[in-house]
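Breakdown of the fold
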Amino acid sequence: MKYVLFKLCGMIAVTLLVRTIAFPQEAPAAATDSPFATVFHLLSKSPKTEREREKNCLASSMIAAEKYDDLLAVVGMVEGEAQIHDFAGLANTLISRGRTKEASELVSLLLKQANASSYELDMLLRPLIRLGRDVEAVEALAHLDDSDRIDSSFVLADIYLELGREADALAAIKSVQYSVEKSKYNEDRAELAFHFAKLGYEDESLKFLTDSLRNLSWTAGKPEYLEGRILDRAVETYRRLGRSTEATELLTRQGVVEDSPTELEIAQQKYKGGDIRSAEKLLETHLKQTDRTDSDHIFGSRIVVDVYLASGKIDKAEKLARSFASSIDLQQEALLKVVDHHLKKGSRKKALNLLRFAFEQTRTMDTTADEDGRLWTSPKMDQERYHVEIVKRYTQLQEDKSALALIALFKKPYFKAKILAEYVSTSRARLSPKALSPHLEQAVLSLREKQVDIFDERRFDTYGVVALGFAELGMHGRSSEVFAEAISTLDSEMIERGTDSGLLFGLCSIGVEFEKANIGSSDKVRSALKTIVINWESDLY
């Protein structure tokens, strides 16, 4: 009897083991509600000290899709310094989007982790101030030791200055003035001097600057690192106070000889200062004196096109843009600037003529070079990048025939699908779903093409955009099908030649567009997401 029971228990154990290996635990229903839900479910299983980048990606994607319900739960998946480092910037994003409630909740959560560290607190000061929570910011600084409180007060002052709140900036630096006077660090005094200078308080600035320099062991020549930092700050402070003689003297004693500003630098300063006429004369002289292949010539050419357009000399800008045959990148950039100027002025014919010229110039490119995996060295990629910009402007001009004819020439599936989706999105206010949906179907076919090089790997971003396009045309069923296809394709490709991180990033990208589509999960989408959860638990990625 004992033998029978032992044998039976053994059989049950083996059966359970086989089931565990062959049939992983099914995904909870909620985990397949959406791509975001799946990513959340998978990340919730990881320790709080791991996968910070993936968790940040999910949080960022949720904000991009305006889905905030589980945002704090995602942030709660990370702990310690990494939590604040990864998510403090998102608070500023939320504020910029007008989501102050969510931003405030996020900051409150992060603030609990930051009281012991000035580095962490510094990252939270900007959202705190933007949210009007100045009192909390000051109270948080009060918990720091003198050295950290001094440093963070300078950070706080800079934030106030950026926001145009000079009185508050002054209060921030004055709050640590006594501590700086007693500080053993000359750098603190140099920094306070610089901030007083930025606020226009010359006497106070010079007092602390003199104190910081008086205690230096350096007298001449190249200083040691820490004293060099103080001297650099001193030079900046003197310049801020308009004391160029003292600044130059300090540099000379260090053996630093400053170069006089070049003609090009002066021209750029004139342009930025609004002196267009002087900038134009300097730039024209500069271009005559430099070789066309020289980097300074190319940089100056970029500015002079802007200068001509700013002064209303469109014909001169266009003539110059057409002449940049030795640099296709410079030429395309300049030509499109002039095209955009024509579009603003309503000069349709001139814009079209220049677009056709821009396209013809791209056809002269040598695209026979092999691609080696670096995006920026591929002539084929560059050519299609230029074509994307030309198509956008054809679409803006409602030149559908020209736009579609150029799209038909695209060789890169990712680019082709992306620009087709953009064409549909831009045109749906004036063209019917029946006329536009075939272009989205063509985009799907492009995304299905076998990927033969590295340049098309980011097409999962576009897969979601194409699926969203169908939803925007009212074709919700087809949209669900394409979303399911995107998820399934991502799944199979990550198993074949990807990573588990790549899977999560891809799901986040698809998830943003899925949430924007607002169509809910179909059986096909749920099934595709369920498969991902099972494969994840089977460690197939």
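Described in the following lines is the structure provided in the data block. Predicted, not measured: the structure shown is a model, and the values here were computed from it.

When helices and strands are counted, the protein chain shows 29 helices and zero strands. Relative to the 2.2 N^0.38 estimate, which gives 24 Å for 541 residues, the radius of gyration of the protein chain is 30 Å and therefore markedly larger than a compact globule would have. The principal-axis extent of the C-alpha atoms belonging to the protein chain is close to 95 × 75 × 40 Å. Residue pairs in contact within the protein chain that sit at least 24 positions apart in sequence constitute 62% of those at least 6 positions apart. Accessible area for the protein chain stands at about 27900 Å²; split by element, carbon and sulfur atoms hold 51% of it. Here the protein chain contributes 74 positively and 85 negatively charged side chains, and the mean placements of these two sets differ by 6 Å.

On to unusual backbone geometry, then. Positive phi is not limited to glycine here, since Glu66 has a value of about 60 degrees. Within the secondary structure, Glu66 is located in the loop between α3 (52-64) and α4 (71-75). Phi at Asp539 is positive, roughly 60 degrees, even though this residue is not glycine. By the secondary structure assignment, Asp539 is in the segment after α29 (523-537).

A few words on helix α5 (residues 81-96). Given 3.6 residues to a turn, an α-helix orients residues that are three or four positions apart in the same direction. With 16 residues, α5 should cover 22 Å at 1.5 Å per step; its first-to-last C-alpha distance of 24 Å lies within 8% of that length. At Phe87, α5 is deflected by roughly 35 degrees, the largest bend along its length. Listed as buried for α5 are Gln83, Ile84, Phe87, Ala88, Leu90, Ala91, Asn92, Leu94 and Ile95. On its buried side, α5 packs onto α3, α4, α6 (100-114) and α7 (118-130). After α5 finishes, the residue Gly98 shows a positive phi value of roughly 80 degrees.

With respect to the secondary-structure elements, Glu513 resides in helix α28 (residues 500-517). Apart from the residues within four sequence positions on either side, Glu513 is in contact with Gly464, Val465, Leu468 and Phe483.

All right, on to the packing of helix α22 (residues 379-396) against helix α24 (residues 413-427) then. The contact between α22 and α24 brings their axes to 10 Å, and the two run at 10 degrees. Regarding the angle of α22 to α24, the classification is roughly parallel. Here Met381, Glu384, Arg385, Val388, Val391, Lys392 and Thr395 of α22 come into contact with α24, specifically with Phe415, Ile419, Glu422, Tyr423, Thr426 and Ser427. Taken together, the residues of the contact of α22 with α24 break down into six nonpolar, three polar and four charged.

For the rest of this paragraph, the subject is the pattern of salt bridges. Across all of its chains, the model carries 40 salt bridges by this definition. Its salt-bridge partner being Asp158, residue Lys198 comes within 2.8 Å of it at the nearest N-O pair. On the criterion of sequence distance, the pair formed by Lys198 in helix α12 (residues 186-198) and Asp158 in helix α9 (residues 146-162) is long-range, its members being 40 residues apart. A single salt-bridge network, built from bridges that share partners, covers Arg302, Asp306, Asp329, Glu333 and Lys337.

Between the first and last C-alpha of α6 there are 20 Å, a value that for 15 residues agrees with the 21 Å anticipated at 1.5 Å per step. Regarding α6, the residues found buried are Glu102, Ala103, Leu106, Val107, Leu110, Leu111 and Ala114. For α6, the elements touching its buried residues are α4, α5, α7 and α8 (134-142).

This part covers the packing of aromatic side chains. Per the counting criterion, the structure on display carries six aromatic pairs. Centre to centre, the rings of Trp536 and Tyr541 are 6.2 Å apart; their planes meet at 50 degrees, and the pair counts as tilted. Grouping aromatic residues by their ring pairs yields a cluster made of Phe196, Tyr201 and Phe208. The ring of Phe194 carries the charged tip of Arg233 above its face, separated from the ring centre by 3.9 Å. Between the NZ or CZ atom of Arg478 and the centre of the ring of Phe470, over which it lies, the distance is 5.4 Å.

Moving on, we get to the packing of helix α27 (residues 476-497) against α28. Angle between the axes and distance between the axes: these two values describe a pair of packed helices. With their axes 10 Å apart at the nearest point, α27 and α28 run at an angle of 175 degrees to one another. Here α27 lies roughly antiparallel to α28, going by the angle between them. Across the interface between the two elements, Phe483, Ala486, Ile487, Leu490, Asp491 and Met494 from α27 touch Gly502, Leu503, Gly506, Leu507, Ile510, Glu513, Phe514 and Ala517 from α28. Here the residues of the contact of α27 with α28 sort into 10 nonpolar, two polar and two charged.

Under the defined criterion, the tally for this structure stands at zero disulfides. Here Cys57 stays unpaired: no disulfide links it, and the sulfur of Cys508, its closest cysteine neighbor, is 3.6 Å away. The class for Cys57 is buried, based on a relative accessible area of 19%. For Cys508, a relative accessible area of 1% puts it in the buried group.

The rules behind the values
- Residues numbered from 1 in each chain as written.
- Predicted model: local features only at pLDDT ≥ 70, side-chain atom pairs only at ≥ 80, totals over all residues.
- Heavy atoms only, no water.
- Helix = DSSP H or I, 4+ residues; strand = E, 2+ residues; numbered from the N terminus.
- Rg over C-alpha atoms; globule rule 2.2 N^0.38 Å.
- Contact = heavy atoms within 4.5 Å.
- Areas by Shrake-Rupley, 256 points an atom, 1.4 Å probe, with all protein chains shown as cover.
- Lys, Arg positive; Asp, Glu negative; His and termini not counted.
- Charge placed at Lys NZ, Arg CZ, Asp CG, Glu CD.
- Expected span 1.5 Å × (residues − 1).
- Bend = angle between axes of the 7 residues up to and from the residue.
- Buried < 20%, exposed > 50% of the residue type's maximum accessible area, 1.4 Å probe, protein only.
- Axes fitted to C-alpha atoms, helices over the stretch in contact; angles between N-to-C directions.
- Parallel < 35°, antiparallel > 145°, perpendicular 65-115°, else oblique.
- Nonpolar A, V, L, I, M, F, W, Y, C, P; charged D, E, K, R; others polar.
- Salt bridge = Lys/Arg side-chain N within 4 Å of Asp/Glu carboxyl O.
- Phe/Tyr/Trp six-rings, centres within 6.5 Å; stacked < 30°, edge-to-face > 60°.
- Lys NZ or Arg CZ within 6 Å of the ring centre and 35° of its normal.
- Disulfide = S-S within 2.5 Å.

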